[in-house]
Amino acid sequence: MGRSASRRARASGEERPSGGEGLPRALALTLASALVWGVAHFIAGRRVAGGVLLALYLVVAAALAGAATLYRSELPTLAVQPDMLQRLTAALVALGVLWMFVVVWSYLVLRPISMTGGAQSLGAAAVAVMCLAVAVPAAWSAHKSYVARDALTSIFRTGDENGRHVDTDDPFDGQPRVNILLIGGDAAENRTGVRTDSMTVASVDTETGDTVLLSLPRNLENVPFPAGPARDRFPYGFTGDGAGTPGLLNEVYQYAEEHPDVVPGVPKNQRGPELLKATIAGILGLRVDYYILVDMFGFADIVDAMGGVRMKVDQPIPYGLEGAVLEPGYRTLSGKEALWYGRSRTNSSDYVRMGRQKCLMRAIAEQADPQTVLTSFDKLAAAAKRTLSTDIPQELLPALVKLSNKVKNGAKINSLQFVPPLIYTGSPDLDLIRKLTSDAINSDPRQVSSHPSTSASASPGASPSETGEPDGGGDGGTPKVPSKPVSLDSSCPS
């Protein structure tokens with residue numbers, strides 16, 4: 001066997017020292033070949049094999065360099081396409097296996113002809129370490145791709161599955177705005193079903209990313225249902241289902257889930273979102289395209305996975321059930337603290353916490369940078385799977401990622417809350433709500449107020465009484481109507 005190897009070595013022109021003296025050289029050249037494929041084969045005189053490996057190496061390097069430079073702006077959109085992630089996972093696995101094969105092959109063509117048992121063990125151990133060094137990054141990257149694809153396919157269905165076909169050439173179907181209902185669901189252990197205590201429509205300009213957040217209070221009463229079985233049952237507005245449900249807007253979701261006949265043909269866990277979308281669309285006089293439901297308790301897991309969210313707390317906020325307080329000042333809130341920041345009504349009101357919720361959303365969006373997402377990716381993906389549900393199709397995600405980059409990088413985000421004294425929740429003026437909605441989304445951004453208006457909707461830290469108006473009306477029962485939506489940059493503590 002040794003004589004045969006010697007003859008092959010002489011025939012190929014390679015010099016292979018015998019014994020342990022050639023082991024350091026073989027390992028050094030194997031390491032060089034692990035860094036640049038083909039080096040070992042060129043040294044061993046195997047020029048054809050070395051040329052093939054080097055050419056393959058240059059192709060892989062060029063592809064990676066191109067992806068990191070020429071197509072860098074497209075990488076976020078590719079990262080939300082399950083098919084691309086599946087192909088990437090397979091490619092990364094194949095690359096890792098190929099790289100290990102190159103390392104082992106390089107060592108085999110250079111190892112000394114004869115070695116002692118100790119030298120053989122040392123050589124094998126060194127090669128194993130090199131293989132591990134190239135396998136770990138490939139395996140880590142493949143794992144991240146797999147986790148991302150699993151999260152995407154768990155949360156987002158395809159257009160064919162949910163009946164929402166998307167034309168990838170015109171993902172927003174020529175519409176100037178896309179309107180997404182953001183729902184905060186409170187499914188506590190002491191409560192049956194889901195209570196939607198936070199309802200905001202994000203109306204986003206599909207060209208500029210400028211966004212208006214239109215928030216409705218949970219205790220809006222006598223809301224009209226869309227035409228159909230639901231309106232037939234409640235022709236004069238939703239009045240609830242018995243003494244335990246007085247007929248507030250936050251009860252619509254669960255009512256639809258428990259009464260499939262009011263949303264015929266819609267499966268369980270989709271009846272609530274469908275009726276709530278249609279109801280809020282009617283209230284605002286605005287098309288609602290999609291919804292995202294966030295479980296409020298799972299939301300805390302997302303914040304924890306991010307490492308917390310940094311906020312300025314502008315006034316003491318009761319925290320927990322044991323008398324703790326979030327003191328004023330800049331602080332990094334844990335998931336549980338952020339949940340209380342957005343939900344506490346002690347010494348304030350529903351309307352004050354609505355403002356805090358918008359500021360919390362803004363802070364999370366700003367702080368969810370790629371580095372934070374990457375370092376906590378597994379935790380974020382797992383939390384998102386437990387927390388989020390939506391009818392946004394997978395095919396729309398690349399367009400939404402591009403749009404979200406515009407929102408994050410300089411687009412204007414303004415907020416309008418339909419709360420007292422602007423709107424009386426017991427008998428809401430729907431015509432006024434629709435007019436203000438239309439004015440807000442069609443206004444010149446330069447006309448948006450940079451200072452909070454003197455209404456309860458203006459500041460997340462002020463209670464209705466602090467505005468000089470009673471909770472539920474203005475002077476003589478006439479609501480004081482702010483003429484412009486409020487910029488979150490000015491209304492959120494900073």
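Worth saying up front: this structure is predicted, and the values here are computed from it rather than measured.

(A) Structural view of the overall build of the chain. Counting its secondary structure elements, the chain contains 19 helices and eleven strands. Buried positions account for 47% of the 494 residues belonging to the chain. Long-range pairs, those at least 24 residues apart, make up 71% of the contacts in the chain with a sequence separation of at least 6. Only carbon and sulfur atoms are counted for the fraction: they give 57% of the accessible area of the chain, which is about 24,100 Å².

(B) How the structure looks around the environment of Ala365. Within the fold, Ala365 resides in helix H14 (residues 350–367). A C-alpha to C-alpha distance of 9.5 Å links Ala365 and Val407, two positions 42 residues apart in sequence.

(C) The arrangement of a negative patch on the surface in detail. There is a patch of like negative charges on the surface, built from Asp83, Asp160, Glu161 and Glu395. With respect to the helices and strands, the residue Glu161 is situated in helix H8 (residues 159–162).

(D) Focus on the packing of aromatic side chains. Evaluation of the coordinates by the stated rule reveals eight aromatic pairs. Seen from their ring centres, Phe225 and Phe238 are 5.2 Å apart, and the 45° between their planes marks the pair as tilted. Of the two residues, Phe225 sits in the loop between strand S3 (211–216) and helix H9 (229–233) while Phe238 sits in the loop between H9 and helix H10 (252–258), which places them 13 residues apart along the sequence. Grouping residues by exposure puts Phe225 and Phe238 together as buried. Seen in terms of ring centroids, Phe238 and Tyr255 are 5.4 Å apart; in terms of plane orientation they differ by 65°. Their pairing is edge-to-face. Pair noted here: Phe238 is in the loop between H9 and H10 and Tyr255 is in helix H10, with a separation of 17 residues, a long-range link. Just as Phe238 is buried, Tyr255 falls in that class too. Through a chain of ring-to-ring contacts, three or more aromatic side chains come together here, namely Phe225, Phe234, Phe238 and Tyr255.

(E) Broad picture of the pattern of salt bridges. On inspection of all chains with the given rule, the structure shows 13 salt bridges. In this structure, Asp301 and Arg386 form a salt bridge, with 3.1 Å as the shortest nitrogen-oxygen distance. Of this pair, Asp301 sits in helix H12 (residues 296–305) while Arg386 sits in helix H16 (residues 377–387), placing them 85 residues apart in sequence. Salt bridges sharing partners connect three or more residues here, namely Arg164, Glu274, Lys277 and Asp391.

(F) The sheet that holds strand S4 (residues 290–295), seen in detail. Strand order in this open sheet of seven strands is S9-S4-S1-S2-S3-S10-S11, and the pairing throughout is mixed. The open sheet terminates on both sides in strands that have one partner only, identified here as strand S9 (388–390) and strand S11 (486–487). Both strand S10 (residues 413–417) and S11 contribute to a ladder of two bridges, which runs antiparallel. Bridge pairing links Asn414 to Ser487 in S11. Along the sheet, H12 makes contact with strand S1 (177–186) and S4, crossing S4 at roughly 80°.

(G) Representation of helix H11 (residues 271–284) in the model. Under the 1.5 Å per step criterion, the end-to-end length of H11 is 20 Å for 14 residues, consistent within 8% with the ideal 20 Å. With eleven of 14 residues buried, H11 lies mostly within the body of the structure. All of the buried residues along H11 are Arg271, Gly272, Pro273, Leu275, Leu276, Lys277, Thr279, Ile280, Ala281, Ile283 and Leu284. Residue Gly285 follows H11 closely and has a positive phi angle near 70°.

(H) Structural view of the packing of helix H2 (residues 23–35) against helix H7 (residues 117–155). Look at H2 against H7: their axes get within 11 Å of each other, and the N-to-C directions meet at 10°. Between H2 and H7, the angle is such that the two are roughly parallel. In terms of crossing hand, the pair formed by H2 and H7 is right-handed. Residues Leu23, Leu27, Thr30 and Leu31 of H2 lie in contact with H7, whose contacting residues are Ala119, Leu122, Gly123, Ala126, Val127 and Met130. Here the residues of the contact of H2 with H7 sort into eight nonpolar, two polar and no charged.

(I) Fine view of the state of the cysteines. This structure, assessed with the given rule, holds one disulfide. Between the sulfur of Cys359 and that of Cys492 lies a disulfide, 2.1 Å long from S to S. Torsion about the S-S bond of the Cys359 and Cys492 cystine: about -95°, corresponding to left-handed handedness. Within this pair, whereas Cys359 is found in helix H14, its partner Cys492 is found in the segment after helix H19 (488–491), the two being separated by 133 residues in sequence.

So, how was this worked out
Residues numbered from 1 in each chain as written. Predicted model: local features only at pLDDT ≥ 70, side-chain atom pairs only at ≥ 80, totals over all residues. Heavy atoms only, no water. Helix = DSSP H or I, 4+ residues; strand = E, 2+ residues; numbered from the N terminus. Buried < 20%, exposed > 50% of the residue type's maximum accessible area, 1.4 Å probe, protein only. Contact = heavy atoms within 4.5 Å. Areas by Shrake-Rupley, 256 points an atom, 1.4 Å probe, with all protein chains shown as cover. Patch = residues over 30% accessible without salt bridge, like charges linked within 9 Å, V, L, I, M, F, W, Y side chains within 5 Å. Salt bridge = Lys/Arg side-chain N within 4 Å of Asp/Glu carboxyl O. Lys, Arg positive; Asp, Glu negative; His and termini not counted. Charge placed at Lys NZ, Arg CZ, Asp CG, Glu CD. Phe/Tyr/Trp six-rings, centres within 6.5 Å; stacked < 30°, edge-to-face > 60°. Pairing = 2+ DSSP bridges. Axes fitted to C-alpha atoms, helices over the stretch in contact; angles between N-to-C directions. Expected span 1.5 Å × (residues − 1). Parallel < 35°, antiparallel > 145°, perpendicular 65-115°, else oblique. Left-handed = near helix turned anticlockwise from the far one by under 90°. Nonpolar A, V, L, I, M, F, W, Y, C, P; charged D, E, K, R; others polar. Disulfide = S-S within 2.5 Å.

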